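Structural overview for review
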Amino acid sequence: MTVTLATESDRERDFRLLWIGSGISQLCGMATVVAFPLLAAQTLGASVGQVGLITAAGYLPWLILTLPAGVYSARLPPRTMLLLADLGRAAIVTMVPILSATGHLALWHLYLSNVLVSCATVFYEIVYLSMPPRMLPKDKLVYGNIRLQVARAVSLAFGPTVAGFTVQLLGAEHAPLLNSAGFVASASCNLMMRSHVEATTNATCGEGLWAELAEAVRFIKRRRVLLASIAGSAVGNCCFAAYEALVVIFLADDVGIAPGTLGMLLGSVGIGGLIGAFSAGRVSRRLGTARAVWVPAAVLAPAGLLLPLTRPGSGLLLFLCGALLFHAGFSVFTVGQATLVQLLTPPDLLQRTVACVRFISRGMLFFGGLVGGGLGSLFGPRLGLTVVMFLWLSAPLITASSRLRNWRDIPTLE
């Protein structure tokens, strides 16, 4: 893949458009994260386990499509792929309000919608996450990844609040339209980019899909730092999906709060992530880029144990404080993980390596959704959430089990 741009300022302008468009779609995308579980439980009579399956269904394509997408996405025009992914997701999500309005909505429609949207998202994210090293100089790469994390944190901070009040005002059946609008906005930002990103074949193109993937797998296997990083991300993502499958029902049923308040509490997760993202640059300078990958998350992770202790009234502060501290640490963790992979991987292997990393780490989201639903069915949402938060403590420690714990800074290539 080559990027033909006149100046560095043009590259940075296009990166900002890419970042803003994705940020808007992530912000509006929280509408379905809040609306689908409530729609399933309150309108369609779904159990806690069935609600967990909605989350799991959305992550299933990461197990099936990620590796092929890592190869084939490098052969297609990136802007075209991003545009098609956005417009396709907008059309799919819009079908849910239409089916609801006509009285034909069933639980399997929510499963199918999450699966199809996730299929498009797999291709979108692999292209999207491989772009910063191609659009930014290396000395600005950490700050580019911070911007990506800020976009995610903003969506987690304010998206649930907007989504919660959208559900409260318009109903869960209409809230997904906000998600559709976000995808259209992202597509518009992509159309305004000036970059001429051409699709190119890889050097091993003639050898086929598995030969190209095998090259990336061999590269990862030789670098235990990357293996430990992937394992830590996999555990963290599994726990995140389990948390996601449990938290809405926990707050709505066990704690008994209204959708608007529920959205604001979920937003505190994003505010913590936003604090962590804005602090990531300073933390990296003080601790070093390698230590910043795992130290803040290890120190702040125990705060997550406050979440299952949430009670009505003043007890909501436990969720607020726990979410702020916990997710601030894991926001720095996410920035560090992305930078680690980008700096230790040669450019010609980056897209395939990202696909392999995403296959394992994102694939665990599917199992996490099943785990969350299973724990909720067996023990109830509160105890299930407690188990998940305990397991989440291990993610930064697994990442630090390699030579990474002895490094201050990440070398450009190992």
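This report concerns the structure included in the present document. From a predicted model like this one, the values you see are computed outputs, not experimental measurements.

1. With respect to helix H5 (residues 107-130)
Between its first and last C-alpha atoms H5 spans 35 Å; for 24 residues at 1.5 Å apiece the expected length is 34 Å, and the two agree. Across the 24 residues of H5, 18 count as buried, placing the element largely inside the fold.

2. As for the packing of helix H2 (residues 48-64) against helix H10 (residues 224-255)
Close contact between H2 and H10 brings their axes to 9 Å; oriented N to C, the two are set at 140°. By the criterion of interaxial angle, the relationship of H2 to H10 is oblique. Between H2 and H10 lies a crossing whose hand is right-handed. On H10, the residues that touch Val48, Val51, Gly52, Thr55 and Tyr59 of H2 are Phe240, Ala241, Glu244, Ala245 and Ile249. A breakdown of the residues in the contact of H2 with H10 according to their chemical character gives seven nonpolar, two polar and one charged.

3. Topic: the packing of aromatic side chains
Evaluated as defined, the whole model comprises eight aromatic pairs. For the pair Phe240 and Trp392, a centre-to-centre distance of 6.3 Å together with 65° between the ring planes defines the contact as edge-to-face. Pair noted here: Phe240 is in helix H10 and Trp392 is in helix H15 (residues 381-392), with a separation of 152 residues, a long-range link. Overall, the relative accessible area of 12% leaves Phe240 in the buried class. Aromatic side chains Tyr243 and Trp392 sit 6.1 Å apart centroid to centroid with 50° between the ring planes, which places their arrangement in the tilted category. With Tyr243 in helix H10 and Trp392 in helix H15, this pair connects stretches of sequence that are 149 residues apart. Overall, the relative accessible area of 4% leaves Tyr243 in the buried class. Cation over ring: Arg89 sits above Tyr124, and NZ or CZ is 4.6 Å from the ring centre. Against the face of Trp19 rests Arg147, its NZ or CZ located 5.3 Å from the ring centre.

4. Focus on the environment of Ala323
For Ala323, the position within the fold is in helix H13 (residues 316-344). The spacing of Ala323 and Val269 is 54 residues in sequence and 4.9 Å in space, taken between C-alpha atoms. Sequence-distant contacts of Ala323, that is, excluding residues within four places in its chain, are made with Ser268, Val269, Gly272, Leu307 and Ala328.

5. Here's the deal with the environment of Phe379
Residue position: Phe379 is located in helix H14 (residues 347-379). In the structure, Phe379 is positioned 327 residues away from Gly52 in sequence and 14 Å away in space, judged by C-alpha atoms.

6. Description of the nonpolar core
Counting residues in each nonpolar core, the largest one holds 65 residues, and the members touching the most others are Leu110, Tyr243, Leu251, Leu266, Phe319 and Trp392. Contact partners of Trp392, with chain neighbours within four places excluded, come to Gly236, Cys239, Phe240, Tyr243, Phe326, His327 and Phe330. Counting residues in each nonpolar core, the second largest holds 24 residues, with Val293, Val341, Ala400 and Leu404 among its members.

7. Some words on the side chain of Ser402
In this fold, Ser402 is placed in the segment after helix H16 (394-399). The contacts of Ser402, once residues within four sequence positions are left out, are Arg224, Val225 and Ala228.

8. As for the packing of helix H11 (residues 259-287) against helix H12 (residues 291-300)
How two helices pack is summed up by the angle between their axes together with the distance between the axes. Running from N to C, H11 and H12 cross one another at 110°; their axes reach a closest spacing of 9 Å. As summarised for this structure, H11 and H12 are arranged roughly perpendicular, according to the angle between their axes. Here H11 contributes Val283, Ser284 and Leu287 to the contact with H12, which in turn contributes Arg291, Ala292, Val295 and Pro296. Looking at the contact of H11 with H12, its residues break down into five nonpolar, one polar and one charged.

9. Digging into the pattern of salt bridges
Tallied over the entire structure, the rule returns three salt bridges. The shortest N-O distance in the salt bridge between Asp409 and Arg408 comes to 3.0 Å. Overall, Asp409 belongs to the partly exposed group, its relative accessible area being 36%. Of the residues examined, Arg408 reaches a relative accessible area of 35% and is grouped as partly exposed.

10. Comments concerning the layout of surface pockets
Roughly 220 Å³ of internal volume is contained in the second largest pocket. Along the walls of the second largest pocket sit 15 residues, with Lys138, Asp139, Val142, Tyr143 and Thr289 positioned nearest its centre. For the lining of the second largest pocket, the secondary-structure elements that each account for two or more residues are helix H7 (141-170) and H11. Across the lining of the second largest pocket, the residue classes tally to five nonpolar, four polar and six charged.

Thresholds, definitions, all that
Residues numbered from 1 in each chain as written. Predicted model: local features only at pLDDT ≥ 70, side-chain atom pairs only at ≥ 80, totals over all residues. Heavy atoms only, no water. Helix = DSSP H or I, 4+ residues; strand = E, 2+ residues; numbered from the N terminus. Expected span 1.5 Å × (residues − 1). Buried < 20%, exposed > 50% of the residue type's maximum accessible area, 1.4 Å probe, protein only. Axes fitted to C-alpha atoms, helices over the stretch in contact; angles between N-to-C directions. Parallel < 35°, antiparallel > 145°, perpendicular 65-115°, else oblique. Left-handed = near helix turned anticlockwise from the far one by under 90°. Contact = heavy atoms within 4.5 Å. Nonpolar A, V, L, I, M, F, W, Y, C, P; charged D, E, K, R; others polar. Phe/Tyr/Trp six-rings, centres within 6.5 Å; stacked < 30°, edge-to-face > 60°. Lys NZ or Arg CZ within 6 Å of the ring centre and 35° of its normal. Core = buried A, V, L, I, M, F, W, Y, C linked by side-chain atoms within 4.5 Å. Salt bridge = Lys/Arg side-chain N within 4 Å of Asp/Glu carboxyl O. 1 Å grid on protein atoms, 1.4 Å probe; cavity = no way out; pocket = protein on both sides within 12 Å on 5 of 7 lines; lining within 4 Å. Points joined across faces, edges and corners; volume = space filled by probe spheres on them.

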